[in-house]
Structures are given as C-alpha cells and as structure tokens.
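Listed here are the chains, written in short residue letters.
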Amino acid sequence: MECVFGMVGKGFALVVADTSAVNSILVHKSNEDKIMVLDSHKLMGASGEAGDRAQFTEYVQKNVSLYQFRNNIPLTTKAAANFMRGELATALRKNPYMVNIVLAGYDKETGPSLYFIDYIATLHKVDKAAFGYGSYFSLAMMDRHYHPDMTVDEAIKLAEQCIEEIRSRLVVAPQNFVIKIVDKDGAREHSWRRTTKD
Amino acid sequence: MLLNFCLAPEGRRSPSLPPKCHCVVKAEDQSSNQKFKFIYKTLKPHRFRSAMARYDRAITVFSPDGHLFQVEYALEAVRKGNAAVGVRGADNIVLGVEKKSTVKLQDSRSVRKIVSLDDHIALACAGLKADARVLINRARIECQSHRLTVEDPVTVEYITRYIAGLQQKYTQSGGVRPFGLSTLIVGFDPYTGVPSLYQTDPSGTFSAWKANATGRNSNSMREFLEKNYKETSGQETIKLAIRALLEVVESGGKNIEVAVMTKEGLKQLEEGEIDAIVAEIEAEKAAAEAAKKAPVKQS
C-alpha cells in the first residue's frame, strides 16, 4: 500500500511519497519520512520492506558520502543510480533487498534527472515513475497530464491530482503524503498533504 | 602487507646463500649489525634454518635496552617531513602546513596536505605522505561506518583513538613496518560543540593539545607556541598559527597551506588571504621592533 512517485520538471525533479508505517492491519505512524536526502542534490524515495528500506538507503547514503570525501567531488545522479543498481544486483541472487527506489537528482552539467530502480535491480532513466498500488492511479494521471518542462506549480498541481486519485480509489489509502523537490539550490522538503494529524 | 620481491643484490649476498633465490627483503634494526635479513620462500637446507630462524618474527622487536627501533626510525621519518602546526582557539581550530615551493610544473591543487575526514573533522600530517593516504582512507571509512551503525557522527577523540590504534597495530604485527607519520586531528565535538586538537604518532600514542607542531623543526615551533600561546579566537588564532609556522618556513602565501575548522566546517584559506595575514604579521613585527628601538634611542 506504499505509494511513491516522481516526475521531472523544468530545472527540478519532484518525489512524492506516502508517510504511513504499516504492519499488517496496524498503522504505526503516519509521519514516516521515506524520502531520504542522499546528499545536497539528490533525493531517494524508497518503498518496500521497512527494515530493508532503512538498511539499504542508509548504506547507500554513507557510501555516497565516503565517495565525496575521498574524491572531493560528489557523485553524479547517474553514478549513484548505477551504484545502487549494482548493490541490488549483487545481493539479488543471495539475499535480496526488497526495496523499490525512485532517485531524483540535479547535476550542474545535465540538469534534473529521475531514475526508477526496482527491487530486482531494474534501472531506467525516466521522466515520471511510480511504485506500489498507488502507481496504477498516479501513473495513469501523470500519463494524461504530464508534459515536459512543467513549472513547479504545475508539477505540484499534478502531484495533488495523483494524491487525490490515490485517496479516493485505493481501498486502504495512506493518510498523509510528503513532497520533496530537488533543483539547482539543492534537495529539500517542499510540503505535506495531510488528512490526519500525527 | 607489502612485501618486496626481488633477487638478492649480488654484492651484498652472504657467501653461504644459494646462487639465486626469490627472497623477501626487509630492513633490520641496526642493533643486530646486519643490513638486510632474508626470509626464504623455498625450502632450504637445515643449516640455513637454524641461523635464520630467530629472524622469522615480527619486524618490530625490542632491543636489549627496551627500545622499538623501527618505531623510533619512523619518528625520524616524521622529523624529516614538512612542518605542520595546529592551534586551538575558543571557536575554531587552525591547521597550518609547510608547502615546498620548489616544484614548478606540479599542479598544486592535486597536493592537498590538509584533508577532511568528515564534515566536522580534519587532519594534517607530517611524514610519509603515501602512508598518510592509507590512514586517511581507513579513517574516512570508519567515520562513515560509525555514522551507519550508531546514526551519529564520530567524536574527535573516537577517530583519533581509531587512527592511533591502527598505527599501534602496525608496530606489533609480523611482516609490516610502522606508519611513518604523525597526524594532527582537529574538529568540533558534534554534541557539545567543543573544539579539540589531537596528535598521534607512529608509536600509536595520542593526546589532546592546546597547540602543537610536528614535522621539521617542530621543537622550535613548539617552543614558540609555549612562549606565545594564549586563549584566542577567530582571526587571532589564525595569526598565531601562521606566526608559529613562519618561525621555520620561508615567509609567503605560496609556502604555507592553512585551513580553519569552524562549527560550519573546514575552510581552506586562499593564497591571497594567507599573504594578507602574513603581511599583517610582518607589519606587527616591524612595529614591535621599532617600538623596542625607539626608547633605547631616547635614553
């Protein structure tokens, strides 16, 4: 029931994720932040097994930091995406991580980019991506209304429309969503869309 | 472990050795009066065994008067390395390192002597720079590993203890030599915000300092610091560090590399900035000299 989706706009990339932490029928909390800030200009929205998600995303984040200290230069989004895919692929035939990731990043040379990374180490560079049951609705909504080079406001409006669809059509819809954005000024939290206070 | 594989040099081989052998060559301590010792990889006749058996041990063995000569030689290597100084202020810590300006074609940006281990920790060293690379790499990994396992950044004391522990390990292992460098580690405690300066040396000891120097002419720098140290902050700390360095280094921005660690992070000073501060220091010195001469003249 975890919904993560993202899209690329003009000079920025957006990642939206639900914020519910669920265990079978119990909702532990409705303000769990599933979009990790990988470094100053990268966002990683992750969905899947909670333990694997935390383990894998933190592991990637520390390795990205280490690369930066060793080489005095940050990894590009493409390099980070390929590193993640490589780690998932190596673990796949032994002890797979059950994590799906939407990686959004901004590079000075290449601009904003979005990567879809599956738990079985599929890697695609895309303009819009979505995971989970919510993807049936958000992907359809984005297919209908997305166009290249959207402004931030247009993209936020589209994200809200997707959230509305998820809320109204998914049987056990998540309560709250968080929207994070990355552009030339860095990765940061944009806003929340709440139906319940936690 | 790095072992040199080579054919024994012709002239130095002991006459009892077989004509050609692949051997591992290591330096031996002077007290046993031998330039090289050979450890053979292939099977040898028994008579070689008994003569050489007592050398098949850790390289760092005690001498009869209780010294670890390899460690002391490593300290010699440090004494030949370039000068490095660290001064702790109330709100910052300043690291300064001597830069050799003789190389004209070298791209100086690729030779950074003051490196950051984490966002809040920096390191400067004196001695074998290649050894430094290895230590710095391990320290950087440890900083991230600590963050991963306990979700908290390292304290300066922790990472110093780690580096010192690593240096000590190499004084007590077989087949390796000690790291030939002393490090100056600075940083702010991530929880209390207190600045610290630590020093490690090849033996693996470490301690905290208010100000310290290592490398070439470190004794004169330390004497200067002992005479002139006082609690400072901000620009005053930078000036004190540069003044200490100028005692032993040719003056000029291109001969010194200076970095300041504040709560916000590490800032490497530009050559222009260093030149400006050096000029200030020279002006102050000149003024002090003039003030000293003036009353003598009047009397």
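Cut-offs used in this document
- Position numbers for residues start from 1 in each chain and track the written sequence from start to end.
- Note on labels: chains are lettered from A, ligands numbered from 1, in written order.
- In keeping with the model being predicted, local features are shown solely for residues with a pLDDT of at least 70 and side-chain atom pairs are shown and tallied solely at 80 or more, while totals for entire chains, interfaces and linings include all residues.
- Note that water and hydrogens are dropped before the side-chain values are worked out from all heavy atoms of the structure.
- Any two residues whose heavy atoms approach within 4.5 Å at even a single point are treated as in contact.
- Put simply, buried area is how much 1.4 Å-probe accessible surface two parts lose in total, over both of them, once they are put together.
- Only one rule defines a salt bridge in this text: a Lys or Arg side-chain nitrogen within 4 Å of an Asp or Glu carboxyl oxygen.
- Here a polar contact means two N or O atoms within 3.5 Å. Within protein one must be a hydrogen donor candidate and the other an acceptor candidate, and residues neighboring in sequence count only if both atoms are side-chain atoms.
- Residue polarity follows a fixed list, in which Ala, Val, Leu, Ile, Met, Phe, Trp, Tyr, Cys and Pro are nonpolar, Asp, Glu, Lys and Arg are charged, and the others, Gly among them, are polar.
- Stacked, tilted and edge-to-face are the three classes assigned to paired rings of Phe, Tyr and Trp, where Trp is represented by its six-membered ring and a pair needs centres within 6.5 Å; plane angles under 30 degrees give stacked, over 60 edge-to-face, the rest tilted.
- Think of it in three bands: residues with accessible area under 20% of the maximum for their type are buried, residues over 50% are exposed, and the middle band is partly exposed, with areas taken using a 1.4 Å probe on protein chains only.
- Over a ring means this: the NZ of a Lys or the CZ of an Arg is within 6 Å of the ring centre and within 35 degrees of the ring normal.
- Going along the chain from the N terminus, every DSSP run of H or I of four or more residues is numbered as a helix, and every run of E of two or more is numbered as a strand.
- Strands qualify as paired when DSSP identifies two bridges or more between them.

Draft legend 1. Just the interface of chain A and chain B, in detail. Between chain A and chain B, the residue contacts involve seven residues of the former and eleven residues of the latter. Buried surface at the junction of chain A and chain B, summed over both partners, amounts to about 920 Å²; 59% is from carbon and sulfur atoms. When the buried surface of chain A facing chain B is broken down by residue, Lys62(A), Phe69(A) and Arg70(A) rank first, second and third, together holding 65% of it. If you look at where chain A meets chain B, you find zero salt bridges. Applying the counting rule to chain A against chain B returns two residue pairs in polar contact (both at pLDDT 80 or more). Tallied by class, residues from the side of chain A that touches chain B come to three nonpolar, one polar and three charged.

Draft legend 2. Spotlight on the packing of aromatic side chains. For the coordinates displayed, the defined rule picks out five aromatic pairs over all chains. Note on Tyr170(B) and Phe179(B): the rings are 4.7 Å apart at their centroids and 50° apart in plane angle, and the pair reads as tilted. Looking at Tyr170(B), the relative accessible area reads 25%, which means it is partly exposed. Measuring from centroid to centroid gives 6.3 Å for Tyr198(B) and Phe206(B), while their planes differ by 50°, and the two rings are tilted. The buried category is assigned to Tyr198(B), whose relative accessible area is 13%. When the ring centre of Trp192(A) is taken as origin, the NZ or CZ atom of Arg194(A), which lies over that ring, is 4.4 Å away.

Draft legend 3. Layout of the pairing of strand β5 (residues 93–98) of chain B. Residues and elements named next belong to chain B. Counted residue by residue, β5 has six buried out of six residues, so it is predominantly covered. Burial along β5 is two-sided: Ile93, Leu95 and Val97 facing one way and Val94, Gly96 and Glu98 facing the other are all buried. Turn length for the strand β4 (residues 84–88)-β5 hairpin, with the two strands adjacent in sequence and antiparallel, is four residues. Of the strand pairs in this sheet, β5 and strand β12 (residues 256–262) are connected by six bridges, and their pairing is antiparallel. Pairing of Ile93 across the sheet is with Met261, part of β12.

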